[in-house]
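# Summary of the model geometry
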Amino acid sequence: MPPDQALLARKNLDKRLARLRNEPLPMPRTGWVKAIREALGLTAQQLASRMGVVQSRLSTIEKAEITGATTIKTLRETAEAMGCTFVYAIVPTKPLDDLLRDQAMRKADQELKRLHHTMRLENQALTKEDLLTERERLVGELLSGSLRRVWDDE
């Protein structure tokens, strides 16, 4: 994807996810399946019947949701059986551009650490101001090229 198009896509995605980042929706203590089922007045037997499974399977689904051992497919099917829509999202902890910049700064710091060490050994150590300037230059370079490079391991 061309860089301008990727930036536009990232901004659009970030805008859509910002609401979820700013207003987190914690799972009820009993899990979403059981909380919604009970709020609708459905018994475990009734929901199991609507799903075409035995009641013990529904109990397993409800417990697995709480422990994180369920699947997206199972949650989607359970939600549909209750007349609900299953929503799934990965929500960044901060704006995507900030996550990218943070990673680019870590990457630049790694590169600068090696460079500075080598130059110190040669008695040509950079000043703190030079290091900050070079860091910003490297960050800009990393963010202007292919973003895959930002995430490459050393």
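Details of the structure are given in the entry above.
First, a word on scope: everything that follows refers to the structure included in this document. (Residues numbered from 1 in each chain as written. Predicted model: local features only at pLDDT ≥ 70, side-chain atom pairs only at ≥ 80, totals over all residues. Heavy atoms only, no water.)

## Considering the overall build of the protein
In terms of regular secondary structure, the protein is built from eight helices and zero strands. Helices and strands appear in the protein in the N-to-C order α-α-α-α-α-α-α-α. Taking 15 Å as the expected radius of gyration for a compact globule of 154 residues, we find that the protein reaches 25 Å, considerably beyond that expectation. The principal-axis extent of the C-alpha atoms belonging to the protein is close to 75 × 35 × 25 Å. In the protein, which comprises 154 residues, the proportion classed as buried is 24%. Of the contacts made within the protein by residues no fewer than 6 positions apart, 62% connect residues no fewer than 24 positions apart. Taking the average location of the 26 positive side-chain charges in the protein and that of its 22 negative ones, the two points are 7 Å from each other. (Helix = DSSP H or I, 4+ residues; strand = E, 2+ residues; numbered from the N terminus. Rg over C-alpha atoms; globule rule 2.2 N^0.38 Å. Buried < 20%, exposed > 50% of the residue type's maximum accessible area, 1.4 Å probe, protein only. Contact = heavy atoms within 4.5 Å. Lys, Arg positive; Asp, Glu negative; His and termini not counted. Charge placed at Lys NZ, Arg CZ, Asp CG, Glu CD.)

## As for the nonpolar core
Counting nine residues, the largest nonpolar core consists of V33, L42, A44, L47, A48, L58, L75, A81 and M82. Secondary structure elements with two or more residues in this core: α3 (44-51) and α5 (72-81). With three residues, α3 is the single largest residue contributor to this core. In this view, L75 contacts V33, E65, T70 and F86; residues no more than four positions away in its chain are not counted. With seven residues, the next largest nonpolar core counts A104, A108, L112 and V150 among its residues. (Core = buried A, V, L, I, M, F, W, Y, C linked by side-chain atoms within 4.5 Å.)

## Quick look at the side chain of T78
Structurally, T78 can be placed in helix α5. Discounting residues that sit within four places of it in the chain, T78 has contacts with V33, L47, M51 and I61.

## Focus on the pattern of salt bridges
Under the defined criterion, the tally for this structure stands at twelve salt bridges. Linking E77 and K73 is a salt bridge whose minimum nitrogen-to-oxygen distance equals 3.1 Å. Here the residue E77 and the residue K73 both occupy positions in helix α5, the gap between them amounting to four residues, near one helical turn. Among the salt bridges present, the one from E141 reaches R137, with a minimum N-O distance of 2.8 Å. You can see E141 and its partner R137 sitting in helix α7 (residues 128-144), four residues apart, about one turn around the helix. Note on E141: relative accessible area 34%, which makes it partly exposed. Given a relative accessible area of 42%, R137 falls into the partly exposed group. (Salt bridge = Lys/Arg side-chain N within 4 Å of Asp/Glu carboxyl O.)

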